[in-house]
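Structural features, examined
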Amino acid sequence: MKYEILERQVSFREAAEYVRKHMPERYEVPPGYRMCDIHIIGVPPILIGVEGTTLVFPFTKPCHGTFLLRLESAEETEHLRKAGKRV
Amino acid sequence: MNDTQIPAGTGLVMLGCPQIPIQTSAALYLVHRLRKAGFTTTVAGTKAARSLLEVADPERAYLDEVIDLDTCIGMVAERERDFDLCFVFVHNDAGIAYSASMAAMSEGRVYAVIVGGSAEEILAQMDGIPCEKIMAKGSHNPLPMKRKLDGVLEWVVSNR
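Residues numbered from 1 in each chain as written. Chains lettered and ligands numbered in written order. Predicted model: local features only at pLDDT ≥ 70, side-chain atom pairs only at ≥ 80, totals over all residues. Heavy atoms only, no water.

A separate point is the confidence of the model for chain A. Across chain A, pLDDT averages 94, with 99% of residues at or above 70. Ranking the elements of chain A by mean pLDDT puts strand β1 (residues 3-10) of chain A last with 92 and strand β2 (residues 25-29) of chain A first with 97. (pLDDT = per-residue confidence, 0-100. Helix = DSSP H or I, 4+ residues; strand = E, 2+ residues; numbered from the N terminus.)

See below:
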């Protein structure tokens, strides 16, 4: 998974606020949603932002907290548009 | 296993970053109590958290299955496995995420075991997450958390 780290050590609320503020399309997914062979965890609802084929989403590591990542993937964007709940 | 040798169910002890010393001690105690109560218990954790337990219990006197944290999340998310009881150790934001995720994904009873110097602040942030919360403030003395776990486990055993 080739990604860019937008923010480090963010809270879930901050991650969701970033997505609401900067991403034109937003989808809610449940914890455990699979994307690029990882399962996204977090406090539901987990918000993933989309712009074209760019995805912005929170990613949590036990020792490092939550990161906000940006990823390019036409396949995952298409899947999210089908599987996620647009908000 | 308990004296009847009939499995009472399955338990999961989920460990985050082991920077809080209580976690390893309380986890081993929890596994011991669950085993005594007849629960087949799995521990899921980061590599460091698992190593701390495995080095301390080389002959597996207490531990049964020990698995990677992300693998465990994947199995529960994909509905390949689930557990009757799940205890998630929480001392930071990541722990909140794991406990909230388990509460959303698992059909079993989920407990957040909240430890560390910021336990009260963590507990306040977990309002609304549908799991039981067990909190003992502090990082080094495991006895307050042991007492809290004893209370919960007595209830679990008597109500199984």
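This next bit is on helix α2 (residues 47-56) of chain B. All names here are of chain B. Within α2, the full set of buried residues consists of Ala49, Arg50 and Leu53. One side of α2 holds all its buried residues, which, seen down the axis, span an arc of 95 degrees. What points out from α2, more than 90 degrees from its buried face, is the exposed set Lys47 and Val55. (Buried < 20%, exposed > 50% of the residue type's maximum accessible area, 1.4 Å probe, protein only. Arc of directions from axis to C-beta.)

Another point: the sheet that holds strand β2 (residues 39-45) of chain B. All names here are of chain B. The six strands are arranged β3-β2-β1-β4-β5-β6 in an open sheet whose pairing can be described as parallel. Taken across any chain shown, the strands that pair with only one partner, and hence form the sheet edges, are β3 (65-68) and β6 (132-135). Direction aside, neighbouring strands of the sheet carry axes that sit 20 degrees apart on average. Strand direction decides the pairing type here: strand β5 (residues 109-114) and β6, joined by four bridges, are parallel. Within β6, the position partnered with Tyr111 by the bridge is Glu132. (Pairing = 2+ DSSP bridges. Axes fitted to C-alpha atoms, helices over the stretch in contact; angles between N-to-C directions.)

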